[in-house]
Amino acid sequence: MSDQTRFILNESDLPKAWYNILADSPVAPAPVLHPQTLEPVTPDFLSVLFPMELILQEISSEAYIDIPEPVREIYKLYRPTPLIRARRLEKMLDTPAHIYYKNESVSPAGSHKPNTAIAQAYYNKAAGTKAITTETGAGQWGSALSMACNFFDLDLEVYMVKISYQQKPYRRVFMETFGAKVYASPTDRTQYGKALLAKDPDNPGSLGIAISEAVEVAATSGGVKKYSLGSVLNHVLMHQTVIGEEALMQMDMAGEYPDVVIGCVGGGSNFAGLAYPFLRQNLKDGQRTRLVAVEPTATPSITKGSYTFDYGDTAKMAPVVKMHTLGHTFVPAGIHAGGLRYHGMAPSLSALCDAGLIEAVAVPQLATFEAAIKFARSEGIIPAPESAHAIRTAIDEALDAKQKGEKRVIVFNLSGHGHFDMSAFEAYLSGKLVDYEHPAEAIAEAIKDLPQVVLPV
Ligand SMILES: *Cc1c(COP(=O)(O)O)cnc(C)c1O
């Protein structure tokens, strides 16, 4: 076992391929359905929104897909990212456990999201796309994609959830610095946005609504604009696997192998990026690492939602997929400050949870922020509130190991830093946050709106 604290790979160790879990997953993916007909979609339908290369990746069953050289060149601005042994946190907790974290906060945009943003911008550019539309909630995805579109000389329109647009003006300026156009959603730029504003001019927006607007603009652009999504889809999760491939090499340098791998989940991409390569080792190499996805009790799609077919967006324009969902009409509680607000979950991750190959837990927000503060005060990095969900569970594992007198090796993903989230930290530090659990009645109500899918047997 190494006595080092930082495990740093060379530029030449940067992975040459992404890993596709669908090649090894024992659970076959459910078909992706057209939102109107509820029949399996054709590549034609998807090609209105995405370039063909990404559609082929979406449905690919190849285990490895080569990372194009221009994408690797940009990755080298911040990859390979460090794996850090959290020795000071271990000491603070007085635990026999060894805690490691993969530090994705070192990317230029401050999160893991550039790993797919750069790839998606590259494939769009290669396919002749001129402009991209997307949504952003807290602003992390819009920030990453604005940087990537700037590198590949693509125009970008970002539909930003109105409440975040108002609360996070510097996120907007971040995106504008890279040349993106940012609109507070719902806008009057789309039929759907106009209809919502006619009913309620003060509609605060939601991720599901912003996705609907971005999809509508791309779908009605006559092929000029394509749409890009920052999580949930197979190709997005696959682009994130550089995280886990690097972490495997770094754990080798550390001379240990994880007993448990942890990540927070919104749509599932940073968790899958770290965990899927370790899942491959479980499936093909006899390892027995526990893989734990962590969500907030305010948006508990895996732990409380239904595993069924649902729309990807609120206006029912995005494809219907089988996933853990709180219903496409879901609007997160205003008091919830921790991000991870999407109503659904990546279909591949949902299927693997359903099959028992991945565990899920939900953590309340006060305990989450408490963990964020512990981490900041021991390791010196203020984590994104999203990442703090993973930290909470990593600390709980370390305390459990202490109680049982076990040496446990824990690896979690620090998916981003929290430098744009000071208002959430301020709310916590000044005692304004309370715990919130998404009510069971709301879940039961939303389920009534799900599409009635009848699959041929
Ligand atoms: C967007 C984001 C998440 C949640 O998205 P996933 O697709 O589930 O990874 C988590 N952490 C940070 C820092 C993010 O920006």
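Not measured: the values here are computed from a predicted model. (Residues numbered from 1 in each chain as written. Predicted model: local features only at pLDDT ≥ 70, side-chain atom pairs only at ≥ 80, totals over all residues. Heavy atoms only, no water.)

**Examining the packing of aromatic side chains**
Geometry of an aromatic ring pair is reported as the spacing of the ring centres plus the angle between the planes. A complete count under the given rule lists 16 aromatic pairs for this structure. Ring plane angle 80° and centroid distance 5.1 Å describe the contact between Y101 and F375, whose orientation is recorded as edge-to-face. Here Y101, found in strand β5 (residues 98-103), pairs with F375, found in helix α16 (residues 365-379); they are 274 residues apart in sequence, far enough to count as distant. With relative accessibility at 0%, the residue F375 sits in the buried group. (Phe/Tyr/Trp six-rings, centres within 6.5 Å; stacked < 30°, edge-to-face > 60°. Helix = DSSP H or I, 4+ residues; strand = E, 2+ residues; numbered from the N terminus. Buried < 20%, exposed > 50% of the residue type's maximum accessible area, 1.4 Å probe, protein only.)

**Some remarks on helix α2 (residues 52-59)**
Residues L54, I55, Q57 and E58 constitute the buried set of α2. Down the axis of α2, the buried side of the element spans an arc of 160°, and every buried residue falls inside it. For α2, the elements touching its buried residues are β2 (17-19), α1 (43-47), β3 (64-66), α5 (114-126) and α11 (234-239). (Arc of directions from axis to C-beta. Contact = heavy atoms within 4.5 Å.)

**A closer look at the domain arrangement of the chain**
Where interface size is given, it is often the accessible area lost as the parts come together that is meant. As far as domains go, the chain holds domain 1 (6-14 + 78-110 + 235-447) and domain 2 (17-67 + 113-234). If you average the C-alpha positions of domain 1 and of domain 2, the two centres end up 22 Å apart. In this complex, domain 1 contributes 53 residues to the contact, which on the side of domain 2 involves 56 residues. In total, about 4,500 Å² of surface goes out of reach between domain 1 and domain 2, with carbon and sulfur atoms giving 65% of it. There are two salt bridges connecting domain 1 and domain 2. For the salt bridge of D421 with K168, the shortest nitrogen-to-oxygen distance reads 2.9 Å. There are 23 residue pairs in polar contact (both at pLDDT 80 or more) connecting domain 1 and domain 2. With seven residues, helix α13 (residues 269-285) is the largest single contributor of residues to the side of domain 1 that touches domain 2. (Domains from an automatic or database assignment. Buried area = accessible area lost by both parts, 1.4 Å probe. Salt bridge = Lys/Arg side-chain N within 4 Å of Asp/Glu carboxyl O. Polar contact = N/O pair within 3.5 Å; in protein donor to acceptor, adjacent residues only side chain to side chain.)

**Some details on the environment of W141**
Looking at the secondary structure, you find W141 in helix α6 (residues 140-151). Taking C-alpha positions, W141 is 13 Å from Q240, a pair spaced 99 residues apart along the chain.

**Here we look at the site of the ligand**
As a structural note, the neighbourhood of the ligand is formed by 17 residues, with K113, S231, G266, S269 and S415 the closest of them. Within the side chain of H112, an N or O atom sits 3.1 Å from an oxygen atom of the ligand. Protein chains bury 93% of the 380 Å² of accessible surface belonging to the ligand in isolation. Of the residues assigned to the shell around the ligand, the class counts are four nonpolar, 11 polar and two charged. Per-domain counts for the shell around the ligand show at least three residues from each of domain 1 (6-14 + 78-110 + 235-447) and domain 2 (17-67 + 113-234). (Near = heavy atom within 4 Å. Areas by Shrake-Rupley, 256 points an atom, 1.4 Å probe, with all protein chains shown as cover. Nonpolar A, V, L, I, M, F, W, Y, C, P; charged D, E, K, R; others polar.)

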